[in-house]
Amino acid sequence: MMKIFATQLQGIFQSIATKQEEAFEDASRLLLQAVSGTGTLYVAAVPPLKGTAYSLCSHPDAPEGIVYTDSIPGDMQETDRLLLLADSKDSNEISSWHKTAAQAAASSVMIGPDSGKDQIELDPLDVWLSTFVRGGLVPSDTGEKHGDPTALAALFTGQLLFLYMQEMLEELSS
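These figures come from a predicted structure and were not determined experimentally.

K.L.:
Before we go on, may I ask you to explain the side chain of threonine 150 in this structure?
P.N.:
Locating threonine 150 in the fold gives a position in helix α6 (residues 150–173). Taking relative accessible area as the criterion, threonine 150 reaches 14% and is therefore assigned buried. Setting aside residues no more than four positions away along its own chain, threonine 150 makes contact with Leu49, Asp87 and Val133.

Structural data, given as structure tokens:
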């Protein structure tokens, strides 16, 4: 069971890291506009991913100026950016937060499974980073799948995004 979970999780991580290089670069540029300028980078998440969002905000590689929020501030400005952690179950909440950011002309980066991309209309400057998660990874004797990697995949994607951001900052300063 553990070997199946580890192998499947490794495949998800590999897909995240290798299939979206351009999207990671676009997302990094977009978010760096807030943290290297006068904006704020807000991080919000659906309830099952709030712990993951908080972990990303307090991560040693997190950029300066990153703020965890339970709700999108009403005074959000065009210079602010929004990093949203989504799962396929709560697209209404994510869609609402995205609309709030769009009304302020603030761009968003979404981390979540592909299924939400079809339900949320992205603006041209917004970026979707897929976690490639489609449910549990380990089949049981009854056919159900257990071991949902949603939080792990979102954390991995967020940390990879931070590494891209650090690399871009280093290139700019040299």
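K.L.:
Would you take a moment to explain the pairing of strand β4 (residues 107–112) for this structure?
P.N.:
Consecutive residues of a regular strand have side chains that alternate between opposite faces of the sheet. The buried fraction of β4 is high, at six of six residues. Residues Ser107, Val109 and Ile111 point to one face of β4 and Ser108, Met110 and Gly112 to the other, with burial holding for every one of them. Alignment of strand β3 (residues 81–85) against β4, held across five bridges, turns out to be parallel. Paired with arginine 81 across the two strands is serine 107, which belongs to β4. In terms of strand pairing, β4 meets strand β5 (residues 127–130) through four bridges, oriented parallel. In the sheet register, glycine 112 faces β5, and the bridge partner there is serine 130.

Rules of the game
Residues numbered from 1 in each chain as written. Predicted model: local features only at pLDDT ≥ 70, side-chain atom pairs only at ≥ 80, totals over all residues. Heavy atoms only, no water. Helix = DSSP H or I, 4+ residues; strand = E, 2+ residues; numbered from the N terminus. Buried < 20%, exposed > 50% of the residue type's maximum accessible area, 1.4 Å probe, protein only. Contact = heavy atoms within 4.5 Å. Pairing = 2+ DSSP bridges.

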